[in-house]
Amino acid sequence: TRVEYLNYDAVADHGWEIDDPDLFEAASSADLDHADYGVFLAEPGETLLEAAEHRGFAWPFACRGGACANCAVAVVEGELDSTVDNVLTDDLVERGFRLSCIGRPVSETLRVIYNVKHLPGLDDLRL
Ligand code: FES
């Protein structure tokens, strides 16, 4: 899976909105640090968090078991399967939020905003 990622901090710093359809285009032309924006390939079987870590990135996490939401990402394009998610409300799942510690990429391409744990609605989920 080709994973295009963007740090929510960069979104907030630039005053962008996570539901802006041109967000990733704006990010790719904004000369962001490689840690904040870029592309990596996830291998089959890796969770999204593992895939990021195996490629040298330090994305937020705590429990690694689907119980806290520190690792939450917003999926803008593509699919992450996370069948054992006990933390995110149906409303958040509906809006594309997933847990990267248990979510495995299942689409050919994926666009995700990581580090979204401070977004309203997510910050009060943390244990
Ligand atoms: Fe706790 Fe993913 S690290 S839910």
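Caption draft 1: Local environment of the pairing of strand 1 (residues 2–7). Judged by how many residues are buried, strand 1 sits mostly within the fold: five of six residues are covered. Pairing of strand 1 with strand 2 (residues 37–41), which is carried by five bridges, proceeds in the antiparallel orientation. Within strand 2, the residue paired with V3 across the bridge is F40. Taken together, the six bridges between strand 1 and strand 7 (residues 109–114) define a ladder with parallel strand orientation. Among the inter-strand pairings, N7 is bridged to a residue of strand 7, identified as Y114.

Caption draft 2: Geometry of the side chain of R111. Here R111 is to be found in strand 7. With a relative accessible area of 17%, R111 lands in the buried category. For R111, the side chain forms a polar contact with the side chain of E4, separated by 2.8 Å. R111 has contacts with E4, F24, E25, A74, V75, V76 and E77, leaving out every residue within four places of it along the chain.

Caption draft 3: Representation of the sheet that holds strand 1. Strands sit in the order 2-1-7-3-5 across an open sheet of five strands; the sheet is mixed. The open sheet terminates on both sides in strands that have one partner only, identified here as strand 2 and strand 5 (97–99). The average undirected angle you get between the axes of adjacent strands in this sheet is 35°.

Caption draft 4: Representation of the pattern of salt bridges. The tally for this structure, following the rule as stated, stands at seven salt bridges. Close ionic contact of R55 with E46 constitutes a salt bridge, the shortest N to O distance being 3.2 Å. Using a relative accessible area of 9% as the deciding quantity, one classes E46 as buried. Salt-bridge contacts for R95 lead to D91; the nearest nitrogen and oxygen are separated by 3.5 Å. Among the charged side chains, a network of salt bridges with common partners joins R2, E4, E25, E77 and R111.

Caption draft 5: Focus on unusual backbone geometry. In this structure, D31 is a non-glycine residue whose phi angle is positive, near 55°. Assignment of secondary structure puts D31 in the loop between helix 2 (23–28) and strand 2. Phi is positive for A69, close to 90°, though the residue is something other than glycine.

Caption draft 6: Examining the environment of N7 more closely. Examined against the element boundaries, N7 turns out to sit in strand 1. Accessibility expressed as a relative area gives 7% for N7, which makes it buried. For N7 and T89, which are 82 residues apart along the polypeptide, the C-alpha to C-alpha distance reads 22 Å. Dropping the residues within four chain positions of it, N7 is found in contact with D36, I113, Y114 and N115.

Cut-offs applied
- Residues numbered from 1 in each chain as written.
- Predicted model: local features only at pLDDT ≥ 70, side-chain atom pairs only at ≥ 80, totals over all residues.
- Heavy atoms only, no water.
- Buried < 20%, exposed > 50% of the residue type's maximum accessible area, 1.4 Å probe, protein only.
- Helix = DSSP H or I, 4+ residues; strand = E, 2+ residues; numbered from the N terminus.
- Pairing = 2+ DSSP bridges.
- Polar contact = N/O pair within 3.5 Å; in protein donor to acceptor, adjacent residues only side chain to side chain.
- Contact = heavy atoms within 4.5 Å.
- Axes fitted to C-alpha atoms, helices over the stretch in contact; angles between N-to-C directions.
- Salt bridge = Lys/Arg side-chain N within 4 Å of Asp/Glu carboxyl O.

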